[in-house]
Each structure stands twice: as structure tokens, then as C-alpha cells.
Amino acid sequence: MKKVLFILVALFVATATAAFAADPVKIGLMGPMTGSWASEGQEMKQVLDLLCEELNAKGGLMGQKVAVVSEDDGGDPRTASLAAQRLATQGIAAVIGTYGSAVTEATQNIYNEAKIIQVANGSTAIRLTEKGLKYFFRTCPRDDEQAKVAAATIEKLGVKKLAILHDNSTYAKGLAEEAKGLLAGKKGLEIVFFDALTPKEQDYTAILTKMKAAGPDFVFFTGYYGEGGLLLKQKRQMNWNVPFMGGDATNNPDLVKIAGKEAAAGFYFLSPPLPKDLPTQEAKAFLAAFTKKYGNPPNSIYPVLAGDGFRVITHAIAETKSTDPEKLAKYLKTELKEFPGLTGKISFNDKGDRIGEVYKVYKVNAEGQFILEP
Amino acid sequence: MEQFFLQLTNGLAVGGIYALIALGYTMVYGVLKLINFAHSDLFTLGAYLGLTLLTSMALTDRLGPFWGTVLLAFMVMLLIAIVGALLDRVAYRPLRQSPRLSAVVSALGASIFLQNTVMLVYGARFQVYPQGILPSTAIRVMGLDIPMVRLIVLCTSTLMMLALFFFIQKTKTGTAIRAAAIDQGAARLMGIDVNRVILMVFLVGPALGGVAGLLVGLYYGQINFTMGWGYGLKAFTAAILGGIGNIPGAMVGGILLGVIEAMGAAYLSIAWKDAIAFCVLILILIFRPTGLLGERVAEKV
Amino acid sequence: MTNQRTIITISLANVVFASLPFFLNTYWVDVLNSIGIYSILALSLNLIVGHAGLFNLGHAAFYAIGAYTAAILNTGYGIPILALLPACGFTAGVFAVLIARPIIHLRGDYLCIVTIGVGEIVRIALINDVFGVTGGANGIFGIARPSLFGFSVRSPQHFFYYIWTFAGITVCLFHLLENSRFGRALNYLREDEVAAEGSGVDTAHYKLAAFVVGAVWAGMAGNIYASKMTIISPESFTFWESVLMFAIVILGGSGSIPGMLLGAFLIVGLPELFREFANARMLVFGAAMIAMMIFRTQGILPAKQRRYSLPESSGEESGTG
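Residues numbered from 1 in each chain as written. Chains lettered and ligands numbered in written order. Predicted model: local features only at pLDDT ≥ 70, side-chain atom pairs only at ≥ 80, totals over all residues. Heavy atoms only, no water.

1. Quick notes on the overall build of chain B
Tallying secondary structure elements over chain B gives eleven helices and four strands in all. Taking 301 residues into account, the globule formula puts the C-alpha radius of gyration at 19 Å, and chain B, at 19 Å, falls close to it. When the backbone C-alpha atoms are referred to their principal axes, chain B occupies close to 60 × 45 × 35 Å. Out of the 301 residues belonging to chain B, those deemed buried represent 62%. Relative to all contacts within chain B whose residues are 6 or more apart in sequence, the contacts with residues 24 or more apart total 75%. When the accessible surface of chain B is totalled, it reaches about 11500 Å², and 71% of it is carbon and sulfur. (Helix = DSSP H or I, 4+ residues; strand = E, 2+ residues; numbered from the N terminus. Rg over C-alpha atoms; globule rule 2.2 N^0.38 Å. Buried < 20%, exposed > 50% of the residue type's maximum accessible area, 1.4 Å probe, protein only. Contact = heavy atoms within 4.5 Å. Areas by Shrake-Rupley, 256 points an atom, 1.4 Å probe, with all protein chains shown as cover.)

2. Let's talk about the domain arrangement of chain A
Residue and element names in this part refer to chain A. Once the domains are mapped, chain A shows domain 1 (2-141 + 280-346) and domain 2 (144-271). Here domain 1 and domain 2 have C-alpha centroids that lie 31 Å from each other. Contact with domain 1, which involves 15 residues of that partner, is made by 15 residues of domain 2. Taken together, both faces of the contact between domain 1 and domain 2 bury some 1100 Å²; the carbon and sulfur share is 55%. Seen at the junction of domain 1 and domain 2, the total is zero salt bridges. Applying the counting rule to domain 1 against domain 2 returns one residue pair in polar contact (both at pLDDT 80 or more). Elements that contribute at least two residues to the side of domain 1 that touches domain 2 include exactly helix 2 (38-57), helix 4 (101-113) and helix 12 (301-320). (Domains from an automatic or database assignment. Buried area = accessible area lost by both parts, 1.4 Å probe. Salt bridge = Lys/Arg side-chain N within 4 Å of Asp/Glu carboxyl O. Polar contact = N/O pair within 3.5 Å; in protein donor to acceptor, adjacent residues only side chain to side chain.)

3. Focus on the interface of chain B and chain C
Often, the extent of an interface is quoted as the loss of accessible area on bringing the components together. If you look at the interface, chain B gives 48 residues, while chain C gives 45 residues. Counting across the interface, chain B meets chain C through one salt bridge. For Asp109(C), the salt bridge goes to Arg100(B), with nearest N and O atoms at 3.6 Å. Our enumeration of links across chain B and chain C arrives at five residue pairs in polar contact (both at pLDDT 80 or more). Counting residues per element, the ones that place at least two in the side of chain B that touches chain C are helix 3 (59-92), helix 4 (100-122), helix 9 (227-242) and helix 11 (273-287) of chain B. Tallied by class, residues from the side of chain B that touches chain C come to 34 nonpolar, ten polar and four charged. (Nonpolar A, V, L, I, M, F, W, Y, C, P; charged D, E, K, R; others polar.)

4. Brief notes about the nonpolar core
Phe220(A), Phe244(A), Leu164(B), Ile232(C) and Phe246(C) are the most contacted members of the largest nonpolar core, which has 290 residues in total. With sequence-adjacent residues up to four places away left out, Leu164(B) is seen in contact with Leu23(B), Met27(B), Val204(B), Leu208(B), Ile247(B) and Met251(B). If you look at the next biggest cluster of nonpolar residues, it comprises 40 residues, including Val47(A), Ala93(A), Val119(A) and Ile346(A). (Core = buried A, V, L, I, M, F, W, Y, C linked by side-chain atoms within 4.5 Å.)

5. What about the packing of helix 11 (residues 257-273) of chain C against helix 12 (residues 281-295) of chain C?
All names here are of chain C. Look at helix 11 against helix 12: their axes get within 9 Å of each other, and the N-to-C directions meet at 145 degrees. Here helix 11 runs over helix 12; the crossing is right-handed. Here Leu-266, Ile-267, Leu-270, Pro-271 and Glu-272 of helix 11 come into contact with helix 12, specifically with Arg-281, Met-282, Phe-285, Ala-288, Met-289 and Met-292. Among the residues making up the contact of helix 11 with helix 12, the classes are represented as nine nonpolar, no polar and two charged. (Axes fitted to C-alpha atoms, helices over the stretch in contact; angles between N-to-C directions. Left-handed = near helix turned anticlockwise from the far one by under 90°.)

6. Considering the sheet that holds strand 5 (residues 136-138) of chain A
All names here are of chain A. Read from one edge to the other, the open sheet built from five strands follows the order 2-1-3-4-5, with strand pairing classed as parallel. Two strands lie at the open edges of the sheet, namely strand 2 (66-72) and strand 5, each paired on one side alone. Strand-to-strand twist across the sheet, computed as the mean angle between neighbouring axes with direction ignored, equals 25 degrees. Two strands pair when backbone bridges link them, and strand 1 (residues 25-31) and strand 2 are joined in this way by seven bridges, in the parallel orientation. The residue of strand 2 that forms the bridge with Val-25 is Val-66. (Pairing = 2+ DSSP bridges.)

7. What to know about the pattern of salt bridges
With the rule as written, the count across this model stands at 28 salt bridges over all chains. Across the pair Asp353(A) and Arg138(A) runs a salt bridge whose closest N-O atoms are separated by 2.8 Å. Placement of the pair is Asp353(A) in the loop between strand 12 (344-346) and strand 13 (360-364) and Arg138(A) in strand 5, with a sequence separation of 215 residues. Two residues, Glu120(C) and Arg123(C), come together in a salt bridge whose shortest N-O distance is 3.1 Å. Of this pair, Glu120(C) and Arg123(C) are both found in helix 5 (residues 108-127), three residues apart, which corresponds to roughly one turn of the helix. When salt bridges with common partners are traced through the structure, they connect Glu130(A), Arg138(A), Arg142(A), Asp144(A), Lys351(A) and Asp353(A) into a single cluster.

8. Regarding the side chain of Glu261(B)
Relative to the helices and strands, Glu261(B) resides in helix 10 (residues 247-267). Among residues more than four places away in sequence, those in contact with Glu261(B) are Tyr18(B), Lys234(B), Lys273(B), Asp274(B) and Ala277(B).

9. With respect to the side chain of Asp308(A)
All names here are of chain A. If you trace the backbone, Asp-308 turns up in helix 12. Overall, the relative accessible area of 0% leaves Asp-308 in the buried class. Not counting residues within four places of it along the chain, the set of residues in contact with Asp-308 comprises Thr-139, Gly-341, Leu-342, Thr-343, Ile-346 and Arg-354.

10. Considering the packing of helix 1 (residues 2-32) of chain B against helix 6 (residues 172-182) of chain B
Helices that pack against each other are described as a pair by the angle of their axes relative to one another and the distance between those axes. All names here are of chain B. Put simply, helix 1 and helix 6 touch, their axes get as near as 6 Å, and they point 60 degrees apart. Considering their axes alone, helix 1 and helix 6 lie oblique with respect to each other. Between helix 1 and helix 6, the contacting residues are Met-27, Gly-30 and Val-31 on the first element and Ile-177, Ala-180 and Ala-181 on the second. Of the residues that constitute the contact of helix 1 with helix 6, the class distribution is five nonpolar, one polar and no charged. (Parallel < 35°, antiparallel > 145°, perpendicular 65-115°, else oblique.)

11. Some details on the pairing of strand 3 (residues 144-147) of chain B
Residues and elements named next belong to chain B. Because side chains alternate across strand 3, one face comprises the buried residues Leu-144 and Ile-146, and the other comprises Asp-145 and Pro-147, equally buried. In this structure, strand 2 (residues 138-141) lies alongside strand 3, joined through four bridges in antiparallel fashion. Residue pairing across strands places Ala-138 opposite Pro-147, the latter belonging to strand 3.

Now the structure itself:
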């Protein structure tokens, strides 16, 4: 027992000290590299690696190289809290991430107590920025922002009987409930169905059959693209022609691949603008570089938002010539205005939320392409 | 009423897949009394290997959708059977003489290993089967819109189960498997090569799981490396429901579980669907402690 | 004499261990905290799996109930989190009595699936915001840190002493329990249920008691977890958590207290050590699990056969009855 303990301790110490060696400005990345959301985390790392390379090619920051230190949060709160502790001990200037709201929340206090700026990229739950944490920011908009756009779109389309379907995840349920709250009591609009599916299953025909029986003329699905694609495909297989709209988690080319072009055509979704639809130089250059390096454009919008987090924070370091969290936080909240991001202009309010109408409505055309709705 | 029949066909199709996977659990359990937690990942692997073979060899283009798929199914079965036998050799055979639960932990380790192997080889993103191999239309039967694929899945799983049933009941090897499941020691005394039986079980069970994976890939079109957990848990539940170790029990349990789920989702709540299924399972086990078709085992004295 | 040496060794190991936070950085201290919580959980599950021989793969349910009891009563009624420790154990225990009564007679693997089912039902209930108090998928946040006599347990270093003190107390209590009449009865019925019944041991009663005590302890571990994280959500209480606890028990050596501690070190600590392997870390972990099981088929530190002066028969190990 003692011997084993001793070896373990020795190992611990060895690994722990090995972390203190290099000199560059370190930016942490916390993302789900394993587990159910591994595809998001691995792409987040790709985006940051690319941006970091580009930055170093331009000379880095304050005359030093920049390095990305990434840790796996496994998509679960306990692993994430350990990942956060580990990053906090590695002398990082700021951390980007992570994806899920509950996972981010488990790490917020750790970074806050360690005085490390955290820029989340996929955590849209409202309460994350309502706690008055000084060093917390996010490049993704909040659920209530998205719900507003969703409600407006649904009204504009003249929907009379609406079905709302979520997947019981923090994000999807939050969005569904916000939208329901905004639309309840509107004249001429009735919510005829509100329920949750179980994510990561493959057969949703039971749910579709039940939903169809409720007779909606429009369905708002707030979950993720994997389930979204299957819903579209299975709805077509059962000869049900009802328009679907998804939240920003359905924004992924894999949705079309899963559903098939015919089934995906006509699908609406909300999303921050895709890099291809932004007229800016930055977005175009990024898209070209990413495609060149990895062979395909980014699949999900969240890794791109992580890229924006990286660009914002490195910009702030360059401008303030410092990695002092106080200065950086102050700069981001008060001085950074309309920063040209990969997903549009970026400014933050006092809570650390991104300002501005970020969401746009997209529709899938017959070719399976994502077309920005006017 | 229309809702009821539609949900019934939903449940039957899903149940058929559960049953195919459940057979793998129950066969291994019957002979070794081991819950092979890695079985669910063999199922995933079947789906992935099927995709690779399908896209790399263009079988359906050369042989037409029907014969192409049949050949594909046999290739997947063969490959997964080999993986299954290897798994047994590496992770379970060294633990034959040790406490039963040690092998369970080894199985859990194997499950983690296989799942992450798939992730590292194929990537973490969803993989998508090519469209249009199975017809994507619905046919009208007595006023109900029933997707063609659902009928195909239902027929295939029934066919596979019948084949297995025949193999177990009528062939010599099948009889040996049944004998070893009842009493290994006695089977050995009767001149049955128990090691061969175990090998057989680890070939046939995974093969069925692999073909179920292929079926899921063809039916739903979308596969991912974590899908095994959900299916595995359900299939294991189905095997227990029917009485673990009992082959017809796994079939009945799988179909029944699929139908219970569909009905629970239809008439109670979708969000509570899995909880409802587990509640029914627990109730059944309270009244029939060894499952629906499980034999009453007298306590050894 | 050997006894004295053991005591010295153990005290020395304790002193070394207690001084670790002074040498390790915060991250490793927090890893040790995680290990500590899982040690407590494994010790509690050991009572059920290792001693009573009940195949329980749903232990996360009791852990969850403890954590949610703490979170609901603390955030809703402002009751100090430390004062809630007994309450958490109590609710988890009551829940265990309710569910275990009708199912305790099931044979090994049937019991296994029922416990999995119970774990899943609890998790689904939490996600669906049962009784409107669990916060659904969001979980509950803003749980207070424990404080004693005005001293608030905040940093990972504080939690290190809090968690491991609790773990230490658990070890002592369970050690006493193991050697009591209760522990002996449990071992008897695990080895041979029929013989135990025949010798007048009320098997159903003892199994139920072991199940409940294990659940109570998991409930208290839930309280500690809730106060450490300050936010809990259903994602922390999945089937996977039950699997981890189970793996610790079997890998460490079912029935052995030092085995539980070592098992927790391996199952929780190894994935952290394997962070160097980046995306492949869980693959390496899976392979390590198989390898450890193959090389130590009885678990790494299996329970020693208790020695009595009478000549003993070689007790055959078997997982369940």
C-alpha cells in the first residue's frame, strides 16, 4: 500500500512539475475531446491550432510565441472541474471554452478564483452571466436572444399550431422554454405539443407519430443536428410534410448528410452568421485557411465561436500589452467595440455577454446548402 | 386506433433490433454466466465496418441493392465474429477460473477500449450511410403509412432469429451449446468440447450484434461511436426481461421492450419513455424473478 | 509485534499523505479530492457488492439522492450543508429500503439490471424536474460551502482535509463493521447463502441492512460532492458513475478496505495520468483495466481470508450467490 502510494505520489509530482517549463504566452483550451461531444471539442482544437499558427507566423504576442494548451473536459462536470484545475496551474493567460452549459458552470468558480479570463464558446444558458463573475465572457449569444429571434420568425411565418420539441439538455430545454414563454398567449397561435426526446437514440418515429397526431403546422426543434437530421429523414419516410425549424445546434452540414437532401430541403434554422456569409476579410481568409489545412470547412459553428474567443483574447493582450486579467477584463468590457470576428462584430456588455443581434435565419435549399434568409 | 397500430409497427421494428443484440448477450451469458458489456461496442463496430465495406467496395453498385446488401451482411458477420473470438481470447479467457465479477470489469474495460478505438479510427463525428440503398418511401397498408425500410428491418431480424433458432434447436452444435448452458461439467462428461462451444458462442453472438449494427446503419443512416451504450443497455434489459440465458426469451424480451417503449412514448410521456420501460421491467421481475421465459432455478443445496 | 509495526506503518503513511497538499499543486490536490470521494463511494458499495454479494450497478442513484437532498434543502431553506449530512444519508437510506425490499431476493444478474433500472429512473426523474424541485437538466446551483465554527471550507486544499477525514472515519467504521457479528454474517451468506440460512442467519434481513448502510454512506458522499462542486446536474449521476464505482470495487479487490482506496486511485487517477495521451487517453485506460484484471484476477488487493485457530477449508470466492 505504502509503496504503491509512494510511486503514485512520485508520478504525480513528476507530471505536475513537468508542466512548468516553457515560456510562451499560453492560452488554455478546455473542450470535450472524448465522450459524446468529442467532435465539437476536437474541431475546437483544430480551429485554435490554426489561429495560433497564424498568429505566431505574424510574430506572436508581445514578442513571445503563443501556445495553446488543451485539456479534455470529457463533456461531464466532474472531469471538467479537474481539467480546469489543471489548466489553472499551468500559467495560462486565459481559457477558451467550453461547449455545454452545465460543464462550463462547473468550472466558472475555479477560473474566477484563479483570476483567469474564461471565454465560453457554446454555453448559452442564461444564468452563466447573471452571477456577476468578473472574468467570464462568452462569444455565443444567450438562449433568450435566440428565443426572441425564434419567436419572431415563427410569428412572421404565420404559424397557427406550433409543436416544440427539445431533448432535455440544459441548452435545448432552456431555449424551448424561453420560446414557449414568449409565444404563449399570442393571438391566433396555439402550442399543441411540448415534449422532449431522448438524445442519441436513432428511432424517433414514435415521437413523430405522436406529434403528428397533435396536428401542428410547424415544428420547432431545439436540440442538436444528429437528432434533427434523423427527425427530418423519418418524417419524410412517414409521408409527413410539415415545416421544421431548428436552433443553432442544428447548424451543421452533417444534418443534411444524415437527413438526405430531399428531406432536409426547406428546413429553417437559427444561427450566428456562417463565415461564408460574412463579407469580412477575416472570415473569408479563415475559411480558406481552415479548408486548406484540414480538407473541409468547419462543421459546427461552436468551434468557430471558440476561434472568435481566441482572437478576441489575443487581440486584447496585444492591445493592453499585458496578460493581467484585470486589465484584460476591463479592456474587453469597455474598450473593445465592434471587433471584426469570424461570426460578425463582437463587443461585450458589462456581464460578459456578447452584444448585438447575432442570430440570422437560414433555410436549407434543394441542393442541401444553407441559404441566409433575407 | 391508427395511432396504436402505427406505434405498434414502430415498436416492433426497434424491438427486432433489440432482440438481435440481446441474442448476443444471452448466448454468452448462457454458457459463461458473463455479462459481455463489450457486446454493445461490437454492434457499433459492425455498423462502422459495414459502412467502410459498403463505400470502399461498392457492393450494391455491382450486385444490385439486394444481393449487395446480403453479401455485405455476411462479410460484416464474419469480421465481427473474428473480433468477438479475439475479444474472448484476450479479455475473458484468462479470467475463466476467477470470480465472476472480475470478468465483468474486464468486459467494461474492453467496452471502453473498443468505443475509443472506433472514435480514433473513424473520428468523433457522425458517420452517414449512403442514401438510397434501401427504399426511402412509405407504403400504405390498411390506411397506415408504413415506411418500407421498417418492414425490411422487421423481416430481416425475424429471418435472422429463425435461422438462429433452427441452428440452436436442430443442429448438433446447437444442441452442444444448449447442453453446455445447462451444465458445463455434465456437458464435458458427455464428450462435448466445451471450449469449442464457447468459441462458437463468441462467433455467433457477435456476428448477430454486428449485423444488427449494419441494419441500424442502413435503416437510420446515421451512426456514431457512442451509439452502442444506449442499444446495449436496452438489449441487455431485453435479455433479462425474457430470462437471460434463454434464446427464445431474448427474442420475446427484445420485441416486447420495443413495443413497451413505443406505447409508453405514445400514451404516457416521451421524456419518461425509458423510465417507463424500466418500471415495467422491475414489476415483471418482482412477479417473475427469472424473467418471462427464464427457468425456475432451484437454489443449490 | 506485527500489530505494532502495522500501526506505525499506517500512521506514517497517514502523516505523509496528510502533508501532500504542501507539495502538490492545486490540480493534483483536486485529483486527490476526487479520488477521496470515490473512495468513500467505493467503500459504501463494497459493503453491498463485496460483503453482501449483491450485484449493484445503480449505486449512483443513492449518491444522486444524497446530493440533491443537500442541494434542495441548502438552497431552498438555507440549512447549513454540514448539518445536512445526516439528512442526506437518511433520504438515501429510506429510498434504499423502499426499492430494495421487493427486489432483494432476486438472483445476481437480475438484481444487476434492476439496480441499473433504478439508477436510470432516478436520473430521468431528475432531468424531468420531478416534483418541480430538481431544476431539470440545469440542475441546482449556488450550493453553499461547508463551514464549521466560522471556518469555511473553500479551496481544494481545505476540501482535501475535509474529504479525507471523512474517508478516514469511514475506513475505521467499516473496519469495525467488518469484524462485527454483522460483518461475519454477511460474509457467511455471501459464501454460502443456503448454509447461512440453515445456521439461523436471517439472510434477507442482513442483505437489506447491508444495502441500506451502503446507500446511506453514498448519500453522504453525495452531500460532500454537492458542497464541493456548488452546482449539481443529472449529468454527474449517469450509469457511467455506477460503472466506475463498481469497477473500483472489483478491481481493488472486492471485500477489502485497502483495495477500495487503491482501486479509487487507479480508476479515478489513471485517466488523469493518461492526459498525456490526449484523445487516446480513454483507450489506454480501457486497455489498462483489462490488463489489471487479467494479472490480478482477484482484484489488486483482495480481502485476506480471516484466520481462525480451527483448520479452515479453502474458501471458494464467488461473486454472487
